Every structure is written in C-alpha cells, then in structure tokens.
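# Architecture and fold: a report
Next come the chains, spelled out residue by residue.
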Amino acid sequence: MSSSSVPLSGYVTYPEPEMLERARTFADSMSRRRTVRDFSDQPVPRSVIEQALRTAGTAPSGANQQPWRFVAISDPDTKHRIRVAAEAEEREFYAHRAPDEWLAALAPLGTDADKPFLEHAPWLIPVFYERFGFDAEGNKVKRYYPHESVGIASGLLIAALHHAGLATLTHTPSPMGFLNELLDRGKNEMPFLLLVVGYPAAGCTVPDIRRLEVSEYATFK
Ligand code: IYR
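This text gives an overview of the structure that appears in the document. Worth saying up front: this structure is predicted, and the values here are computed from it rather than measured.

### Focus: the overall build of the chain
Along the chain, the regular secondary structure elements total eight helices and six strands. Counting only C-alpha atoms, the chain reaches 55 × 50 × 40 Å along its principal axes. Here the chain holds 221 residues, and the buried ones make up 34% of them. Total accessible area computed for the chain in this model is approximately 14,100 Å², and 54% of it derives from carbon and sulfur atoms. Charge centroids of the chain, computed over 24 positive and 28 negative side chains, lie 3 Å from each other.

As structure tokens, this is what we get:
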C-alpha cells in the first residue's frame, strides 16, 4: 500500500485572547440556532445550499471514505411526493408504532403526523450514507464508521446553514426507505435524516426548552 504526504497548508492559529473571542463568538452564534417546524416558502438560492454542502464535505470520515450523500431538492413535485410518503409513515407512527413512552417524550414538541413543511420549505435535503461502496470492478467495498462520518457531516451542514442565516429541521420520518424509492438511490445507500431548509415562517414559534449548561454535560480533569 503506498501513501504520500504533503505539507499541512492553510492552517491558521490565533493569539490566545483572539482564540477565546472567536470561540465565544461562534458559540454565541450557534446558541441562536433553533430547530423550526414552520417554514416560509421564500426561495433560497441553490448557490447557498451548494456552499453549505461544501462545508458538510469537510467532515472527517472513516478511512477518508466520505460516505455521505446529499440530495438537494427544490422541485415542487418531488417535495410533494416526499410529503405524501412521509405523512403515511408518520400516521402509522403516531397511531400505532410509537410506544406511549415515546409519544409522551414528544408531547412538549407538539408534533403530529402532518408535515406541511415538506412542501412549504424551499429545500429538502435527504442525507444518505453508503453502507458499502463499489470498486472499479463492481465489487463491494466495506465502509468504516459511516454513521459517525455522516453524523458529523450533517452537523457541519446544519451549522453552515445556520451561519448563512437559514433555519433547519432535522426530520426523521420512520422508516425512511421511501426516500430510496422516490429518489432512486441504490440499496447500498441508507437514509440517515431528512433536513428541511429555509426561512422560518412569519410568526413562527418554537418550544420553550432550555439547553444544558456545559457543566451539566462536560467534565474536565
Ligand atoms: N418522526 C416523527 C416523530 C418525532 C420523533 C422525534 I425523537 C422527534 O424529536 C420529533 C418527532 C415526527 O417527525 O413527527
């Protein structure tokens, strides 16, 4: 196995006071991110989505296999078909599949099986990960840490879209196999989540929830 290296380039570091200020400013900005479920139909340029996807693609990945796949959808007919299929699964979920304990956990969010945002929002971005890839001869190639890799890429995408001034909803209709069928994705691709992207609707409200303090979820030794 051959390997080659090049000098690290483009790395930027800062004096400590500036480092702290940058870290604080970024945390302040990210703490203004809220998941919304009520989107305006105001269009968002494709170029903004493309740049945010560039950020997603900077994620680290197992063996640098970059197993994430994104399908950016603004086509109204495709969005309509996704809404219909997702609502069918969600109706089953809320009426039958979800245990009472799960429904109780969701109650504060006020969610139900109706997903109008799947048509109202200007962009839907279903995210898939490759369970395996193919080599030049068409043989299956194992993927390493695909869940971790696509999860990190999705987090970076959400941060990039927030940074650009857009709102997102991390939607996970369950199960999501309909996305493979509707979008003609191979069996080697697993749906991971469906990111809804756009502007919040006028008068949009969000659940009155609080975030944990760092001291509640992190320890230092
Ligand atoms: N997929 C359903 C249910 C749901 C589940 C969780 I966990 C949430 O944080 C929110 C919703 C729905 O989208 O309504």
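We are not done yet, so read on.
### So, the site of the ligand
The full set of residues close to the ligand is Arg 37, Glu 90, Phe 93, Tyr 94, Trp 102, Leu 106, Leu 109, Thr 111, Asp 112, Lys 115, His 171 and Thr 172. Within the side chain of Tyr 94, a nitrogen or oxygen atom sits 2.5 Å from an oxygen atom of the ligand. Contact distances for the ligand include 3.3 Å between an oxygen atom and a side-chain N or O atom of His 171. When contributions to the shell around the ligand are tallied by element, the ones reaching two or more residues are helix H3 (76-97) and helix H4 (100-106). Of the residues in the shell around the ligand, the class split is five nonpolar, three polar and four charged.

### What to know about the side chain of Ser 154
Positionally, Ser 154 belongs in helix H6 (residues 146-163). A polar contact of 2.8 Å, which involves the side chain of Ser 154, links it to the backbone oxygen of Val 150. Once residues within four sequence positions are removed from consideration, Ser 154 is found in contact with Val 127, Phe 192 and Leu 193.

### Thoughts on the pattern of salt bridges
For the coordinates displayed, the defined rule picks out eleven salt bridges. One salt bridge in this structure joins Glu 50 and Arg 46, with 2.7 Å as the shortest N-O distance. Of the two residues, Glu 50 and Arg 46 are both situated in helix H2 (residues 46-56); the distance of four residues between them amounts to about one turn of the helix. By relative accessible area, which is 38% here, Glu 50 ends up partly exposed. Residue classification places Arg 46 among the exposed residues on the basis of a relative accessible area of 57%. The salt bridge involving Glu 130 is made with Arg 69; its shortest N-O contact spans 3.0 Å. Of this pair, Glu 130 sits in strand S2 (residues 123-130) while Arg 69 is found in strand S1 (residues 68-70), placing the two residues 61 residues apart along the sequence. Take Glu 130: its relative accessible area is 8%, and that puts it in the buried class.

### Description of the nonpolar core
Residues Ile 49, Ile 125, Leu 157, Leu 161, Leu 195 and Val 197 are the most contacted members of the largest nonpolar core, which totals 20 residues. Taken together, the elements giving at least two residues each to this core come down to H2, S2, H6 and strand S6 (189-198). Among the elements that make up this core, the one with the highest residue count is H6 (six residues). Ignoring any residue separated from it by four or fewer positions in sequence, one finds Leu 161 in contact with Ile 49, Ala 52, Leu 166, Thr 168, Leu 195 and Val 197.

### What about unusual backbone geometry?
Omega for the peptide link from Ser 174 to Pro 175 comes to -5°, which places this bond in the cis form. Looking at the secondary structure, you find Pro 175 in the loop between strand S5 (167-171) and helix H7 (177-183). At Ala 63, a position not held by glycine, the phi torsion is positive, near 50°. With respect to the helices, strands and loops of the structure, Ala 63 is situated in the loop between H2 and S1. The phi angle at Asp 184 is positive, at roughly 55°, despite the residue not being glycine. Looking at the secondary structure, you find Asp 184 in the loop between H7 and S6.

### Description of H3
With 22 residues, H3 should cover 32 Å at 1.5 Å per step; its first-to-last C-alpha distance of 29 Å lies within 8% of that length. Thr 78, Lys 79, Ile 82, Ala 86, Glu 87, Glu 90 and Phe 93 are the residues of H3 that are buried. What you see down the axis of H3 is that its buried residues fit within an arc of 160°, all on one side. Pointing more than 90 degrees away from the buried face of H3 are the exposed residues Ala 95 and His 96. Buried residues along H3 sit against H4, helix H5 (117-120), S2, S5, H7 and S6.

What counts, and where the lines are drawn
- Counting restarts for each chain, with residues numbered from 1 along the sequence as it is written.
- Only residues with pLDDT of 70 or above have their local features reported here, since the model is predicted, and side-chain atom pairs are shown and tallied only from 80 upward, although totals for entire chains, interfaces and linings are computed over all residues.
- Water and hydrogen atoms were dropped before computing side-chain values, which therefore reflect all heavy atoms in the structure.
- The way it works is that DSSP assigns letters per residue, a run of H or I at least four long becomes a helix, a run of E at least two long becomes a strand, and they are numbered from the N terminus.
- A 1.4 Å probe rolled over the protein chains alone gives each residue an accessible area, and that area as a share of the maximum for its type sets the label: buried under 20%, exposed over 50%, partly exposed in between.
- Areas reported as accessible are Shrake-Rupley estimates using a 1.4 Å probe. Residue values count occlusion only from the protein chains shown.
- His is not counted, nor are the chain ends, whereas Lys and Arg count as positive and Asp and Glu as negative.
- Throughout, a charge is located at the NZ atom of Lys, the CZ atom of Arg, the CG atom of Asp or the CD atom of Glu.
- We define proximity as follows: a residue is near a molecule or strand when any one of its heavy atoms falls within 4 Å of that partner.
- Polar contact is the term for a pair of N or O atoms within 3.5 Å; when the atoms are in protein, one must be able to donate a hydrogen and the other to accept it, and sequence-neighboring residues count only if both atoms are side-chain atoms.
- Any residue that is not Ala, Val, Leu, Ile, Met, Phe, Trp, Tyr, Cys, Pro, Asp, Glu, Lys or Arg is counted as polar, Gly included; the first ten are nonpolar and the last four charged.
- Every residue pair with non-hydrogen atoms within 4.5 Å of one another is taken to be in contact.
- Note on definitions: salt bridges are taken to be side-chain nitrogens of Lys or Arg within 4 Å of carboxyl oxygens of Asp or Glu.
- Side-chain atoms within 4.5 Å are what join buried Ala, Val, Leu, Ile, Met, Phe, Trp, Tyr and Cys residues into a set we call a nonpolar core.
- In this analysis, the expected span of each helix is defined as 1.5 Å times one less than the number of residues it contains.
- By definition, the arc is the one covered by directions from the helix axis to the C-beta atoms.

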